[in-house]
Structures are given as structure tokens and as C-alpha cells.
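Notes for the structure review
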Amino acid sequence: MFKRTLVAFSVSSIMLGMPSLAIADDGPGINKADMETIVVTGSKSESLLKEVPASIEVFTSQDIEAMGAVSVRDVISRATGAQTYAQKGGINLRGIGFNYTVVLVNGRKPGAMENNKDFQSYITDNINIDSVDRIEILRGQAGVMYGSNAIGGVVNIITKQSYEESSTYTVSHGSNESKVAYTHDFGRVNNLFGSISGSYTDYIPVKEDTLDDNGSWQETASGDLVNFNGTLGYAINQNNEIRFEGSYSNLDTTSTSLTYSDETLVDAGGNEFTNTTSSSRVSETYRKRLGGSIILDGFTQDHSYTAGLTMSQVELSKGGFDQVYDTMVLDVQDVWQINDWNKLIIGGEYLNDQISRENLELTEDSLDRYAFYLQNEMSFFDRSLILIPAVRFDNDSAFGNKFTYQLGGTYEFIENNFIKANLGTGYKAPVLTELYAYETQGEATVWGNPNLTPEESESWDIRYEVYFDRLSASIGYYNTDVTDMFSSQICADFEEGSEDRIYCDNLPEPIQGDNKLRYNVGEASVKGIEAQLTYSLTDNLNIKLSYDGIDAKQIDEDGIESDLTFNSENIYGLDLQYHNPDDDFSINIWGAYNQDYLYSSGSERFDFYNFNASLQKGFGDKYSITFAAYNLYQSERDSQTDTAISPLEWRLSFSAKL
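Residues numbered from 1 in each chain as written. Predicted model: local features only at pLDDT ≥ 70, side-chain atom pairs only at ≥ 80, totals over all residues. Heavy atoms only, no water.

Once that is clear, we can look at the overall build of the protein chain. Each helix and strand in the protein chain was counted, giving seven helices and 35 strands. By residue count, 56% of the 658 residues in the protein chain fall in the buried class. Of the roughly 27,200 Å² that the protein chain leaves accessible, carbon and sulfur atoms contribute 54%. (Helix = DSSP H or I, 4+ residues; strand = E, 2+ residues; numbered from the N terminus. Buried < 20%, exposed > 50% of the residue type's maximum accessible area, 1.4 Å probe, protein only. Areas by Shrake-Rupley, 256 points an atom, 1.4 Å probe, with all protein chains shown as cover.)

What follows is the structure, encoded as C-alpha cells:
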């Protein structure tokens, strides 16, 4: 049955390589019994949802199926407080920015540059949605456990584990793409287990007039995307198992645009006339990703442990520039249940990034990082008070050492009424993509800057939560202050003769739009209010109302204050979910009204709304058909709102489970 639950639990429960939650699905809405106990599969220990301070929204495989999602990004767009808009590569949590969200797969980093906007899309595009067990989205500081890049939050994609042999076939066709996907779980045969999945997506080019009324047009990308993923595991004994994971992704697309521009001129006789010129642009993108992991999981009576080695390579070619990223991540962790009221988590990781570029000045460079972290979960007064202090040590080969800390607490002052709070610091050293690589954002090409210095942050939040049989509600306030924050600026706006301007002047021609350069803008302050109400109107109908109020500012070195871009000051969300189990029929309507959205510095804020819908009909336990319409009801698109919303897109999907 379709049910999405907002939960709060210790981040230790999602940092291991296996699924971390098993939530009963006895009916719609939030049931108090469901909130009492979770099973932390990866650590082989139990934690209570109500007791821990971190806020996470969970989309189960049932939720994903009911909404008719064909990609991970379809699911993330449903999350409260996750701003994606028309910037299809990035995930902005709590308004801090796209590059402050860490994307994980099974609690692990699939690449050391996981917080980069383009790399987020590489990860989410590479996973077959039929292989996903659930997606957990954590809002807020999680830097001690995941590295201080996670200032805005974490998206953890947890894949299904092998238990019984099964196959899933999915075919979809829509206005923008056609897709076929296959997933097969081999189940467990003696001590062996494993699964494979693959998909092929054909992107359908859609020609559309631009919104400046001068006859210009643009065409969405044509091409294809191929994905393969596989897992092979071996149970060494009852307490230990080892598994090998591999992934391959290949994207090859082409997009075209034709732009007309009018210029008023004066002839020799003094008469004005209009001179029209045109320019066309063909943009080709090629991206290949290859990754592999070896992972060991095990447990004893008081300990659960895991160790993993992940290696990946991404080749990217766009606009005539070629880049290759090689990453290696080694991580280890142990969870020690000391006694009933005390749990200790200790772990570490080593990361190596390498980049090589052709047709650019830099040929290759590398960075090494390692970190150790320690977290202690303690309970007092018959578990009515939970305290979770944590500390982390980071070393970066280019930027030195740094300690950061985090303290979280939960207090149940009345039954099922909770006050939760978090306090911590963050440290974000530039990664290679921010130092040397490029990425495209909107109508600009953003280049890395080797002159960047690390940024530091301080965060705190406080939240009240209450749970009833058919209703749950929460309201909270958060505040994050950043020093030496990374931002980007059009090259022409840097002061003549400055170090950044000199570097800008030696950059190649932009791939699209204007050249921008990353730089340390100064200080930033992001504060906001989050509120949510979920209510089961009937046994079949749920409604969720949400509000996010964001005040995101940056202050440059001259003390001039400006607003952070890609943000709405107020977001009013609505999510309706209807499921009739007797007829196996679901209807979903979701969307938001965004007030005072800012796309770029110097542009005007504007309001817009955007709503989507999906219908699903099941036929027994094996077959289902889904129709989804994205951007079904939205603000009128013009040259301004086009930066935030996309054209209408529809999709018809058929799924068979055998």
C-alpha cells in the first residue's frame, strides 16, 4: 500500500552498506506502532524512530511503484524541501545550494566528488528504479558521519537485497523519452546471492520556440542512455558475507538551438532599419561511468562492522573539452552496542581523486583525503532523553587538518511529543571538480578555480514533532552560517588585475552562455522554517501539507549583501495520495507554489506554481500500468519562469513482475 513516512533516526542507521530500515506497512498514514521500532539491517541492531534527532523522509519501493516513477530523480522531486526545478542535475536541500548535498548508494560514496551537481545526476541516472528498495533524504548538517560536504543534507539510495528469485520488466513511453528496463534477482542459492539490472533510454527531441518572441527555437537532447548494474555475493558463514558490485553507464546526446537577434541600424540616408542575424548551436555530450566495489559485512553479539573499497571512472566530453575523473574510496566502520543505553560508532575513510583534461591548460592533478569519526549514542531517564555527540577529524593533502563536531538530542516530554535539536560545525575543502573542472549551469559555463580556500560552517536546528494514530505534525527552525563560501561569478564582473580576473582571462571560450568562475564570496547565512502536517483523511486517502520559508543571504568581502540564487523564499507544498487496495488503483497529485524565486544574481524574483499527477492500476500481483503527467498544471511559461519550470511531459509505463 502506498505510504510515505517522515521519520527521524540516527544517521548511524543509514551509513552502512545494507538497507537500514524496515518499516511496517499496515495502512496509510503514520501509525504510532510503526514509529516505535525499526530494524537497522546493516548494523544488526534496533533503534527507535522517535528517539533520534536527524530528520529523514523515506520513499519505500511501494511508494515508488505507486507514483509511477521511472528514475530516481522522479522520486527526489517529491521530497519536502528538495528544490530541483529546471536544474535537472542538482538537488538543493534547505536552500544552501546544489553542491552541498551528498548522494550515497547503500550508505556509501560511489565517488569522491559526490557533492558536485553534475556528479549527482551521474549517480541518480545510473540506478535502475526497479532495483531501489527505498530512498532516504536527510535535511540538515550531517558532516561528521558523511564528510562536511553534507552541509545541506544527504540523499541515500538503498538498493534491494537478494532473497528470492524474481524478475521485473518495465517498458515506458512518453513525450520526451522511451525506456526499457530489466531487473533479475537470482535469490540465494546455497551461499551465493546476486542480482543484475539494465536499462536503455531513448531521448526524444522536442522542438520548442524560445520565449522571447523573436522566432528563435531550441530542441531538447536526442540520444540514448545505457545502464548496467550487478551484484554477486557470498555468505562466508552465518555472521559474515562479502559481495562485489559493478556498474556501467553510457550517455550520448545532442541538442540543437537556433537564435535570432535583431539590431537597429541607420543607413546612409539616416533611415533606421532592422538587421536580423542568426546563430545556431549544436551541443554534444558524451559521458561514460564505470564503477566497482568489494564490501564485507559482519556482526558478533555486540558488534556490527563493515568495510568497503569503491573505485570509479567518469569520462566526460562536452563542447570539445574532455575530462576524466578517477576516484577511490576506502571506508571501515564498527558499531559497538556497549549496553542497553550506550552505543559507540567508530569509523574512517580514505579518498583519492584524480582528474585529467585534454584541450585545456591543466593535464592532470590529484587530491588525497582521509578522515576518522566517533559517535556515541546515550539514553537517560528510561530513554526519554537521548544524546548523540560526535566528532570528526579530516585531513586533506592540499588544505591540511580540521576537527568538526556535532551534538544531537531528543527529549520526549509527553508521550509521542518530542523536542529535537542539533548543533554542529562543518568544514568543506574544495574537491577537484571545484578546483579544476567545469560544469554547465543554466546559461553559463562554470569553471573551477585553483585559488579556492576551504569554507567553514556552523549549524543548529530545533524541531517539535507529535504523532497520533492518523495525524503527524512537525515544525522547526534551522540556521547555518558559512565563512569563505564557494560561489560563482561572471568573469567580466571580477576586478581588472585581480587574481581571479587574470585566471578568467586565460579560460577557453564558454561551452554555453557566459564564462563564470568559482570563488570564495565571503560569508553566507541560511535560515528557515520547516513545517509539515500529514493526515489520513480516510483509510485510502492521505494528504500532506508542507511549508518551507528560506532566508538565504551572502555577504562579500566588501560587506555587500545579496541573495543566494536558485531559491524560493516561501514554498507551499501539497501532496495527495489515494490508494484503493480492493481495486489496486492509485491516484497521486503533488506540487508546490513557490513565492519569490531567484534564478540568478541581478534578476528579479518571481512566483510560480507547478503540479503533477499520476494514475496507476494493478492487475493482480504481477502487472501494473501507470500514466504520469509532469508539469500538468503550472504557471504560464515565459523567458523568466522558464528558468524554474519545464514544459508538460507525459509518460505511460507498463511493469511485469515474474
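Now that the structure has been shown, the text picks up again.
In this section: the pairing of strand β26 (residues 455-467). In summary, the side chains of a regular strand alternate between the two faces of the sheet. Note: strand β23 (residues 417-428) against β26, twelve bridges, orientation antiparallel. Looking at β26, one finds that Phe418 is bridged to Glu465. Summarising the sheet, β26 and strand β27 (residues 471-490) pair through twelve bridges and their orientation is antiparallel. Of the residues in β27, the one forming a bridge with Val466 is Ala473. Linking two consecutive strands that pair antiparallel, namely β26 and β27, is a turn of three residues. (Pairing = 2+ DSSP bridges.)

Let's shift gears to the state of the cysteines. Under the definition given, this model contains one disulfide. Cys491 shares a disulfide with Cys504; S-S distance 2.1 Å. Taking the sign of the S-S torsion, -70° for the link of Cys491 and Cys504, the bridge is left-handed. Here Cys504 lies in helix α7 (residues 499-505) and Cys491 lies in the loop between β27 and α7, a separation of 13 residues in the sequence. (Disulfide = S-S within 2.5 Å.)

With that out of the way, let us pick up the pattern of salt bridges. All told, the structure shown has 27 salt bridges when counted by the stated rule. Residues Lys553 and Asp551 are paired through a salt bridge, measuring 4.0 Å at the closest nitrogen-oxygen approach. Given a relative accessible area of 22%, Lys553 falls into the partly exposed group. The network of salt bridges with common partners includes Asp551, Lys553, Asp563, Glu569 and Arg605. (Salt bridge = Lys/Arg side-chain N within 4 Å of Asp/Glu carboxyl O.)

A few words on the nonpolar core. Residues Ile96, Met485, Leu517 and Val526 are the most contacted members of the largest nonpolar core, which totals 33 residues. Secondary structure elements with two or more residues in this core: β17 (303-318), β18 (321-339), α6 (432-435), β27, β28 (514-536) and β29 (541-556). Residue contributions to this core peak at five residues, all from β28. Once residues within four sequence positions are removed from consideration, Val526 is found in contact with Arg94, Gly95, Ile96, Tyr478, Asn479, Thr480, Ile550, Asp551, Ala552 and Leu564. (Core = buried A, V, L, I, M, F, W, Y, C linked by side-chain atoms within 4.5 Å. Contact = heavy atoms within 4.5 Å.)

Attention now moves to the environment of Gly591. Relative to the helices and strands, Gly591 resides in strand β32 (residues 585-598). Spatially, the C-alpha atom of Gly591 lies 6.6 Å from that of Asp575, the residues being 16 residues apart in sequence. The contact partners of Gly591, leaving out residues within four places of it in the chain, are Tyr572, Gly573, Leu574, Asn610, Phe611 and Asn612.

When strand β10 (residues 165-174) meets strand β35 (residues 649-657), the two strands line up antiparallel, connected through seven bridges. Considered in β35, the bridge of Thr170 is made with Ser655. Inspection of the sheet shows strand β34 (residues 623-634) paired to β35 by eight bridges, in the antiparallel sense. Looking at the pairing, Ser624 lines up with Ser655 of β35.

As a further point, take the confidence of the model for the protein chain. Looking at the protein chain, the pLDDT average stands at 81 and 83% of residues meet or exceed 70. Contacts for the low-pLDDT stretch residues 1-34, under 50 throughout, to residues beyond four places or in other chains number 153 contacts. Residue range residues 37-46 is modelled with pLDDT below 50. Its contacts to residues more than four positions away, or to other chains, number 33 contacts. (pLDDT = per-residue confidence, 0-100.)

Another aspect to go through is the packing of aromatic side chains. Following the criterion strictly, the structure yields 18 aromatic pairs and no others. Relative to Phe403, the ring of Phe393 lies with its centre 5.0 Å away and its plane at 50°, an arrangement referred to as tilted. One end of the pair, Phe393, is in strand β21 (residues 385-396); the other, Phe403, is in strand β22 (residues 400-414), with ten residues separating them in the sequence. Both rings, one in Tyr411 and one in Phe413, keep their centres 6.4 Å apart while their planes meet at 35°; by these two values the pair is tilted. Relative accessible area serves as the criterion here: at 36%, Phe413 is assigned to the partly exposed category. Positioned above the aromatic ring of Trp590 is the side chain of Arg78, whose terminal nitrogen or guanidinium carbon lies 4.0 Å from the ring centre. Between Lys428 and the ring centre of Tyr100, over which it is positioned, the NZ or CZ distance is 5.3 Å. (Phe/Tyr/Trp six-rings, centres within 6.5 Å; stacked < 30°, edge-to-face > 60°. Lys NZ or Arg CZ within 6 Å of the ring centre and 35° of its normal.)

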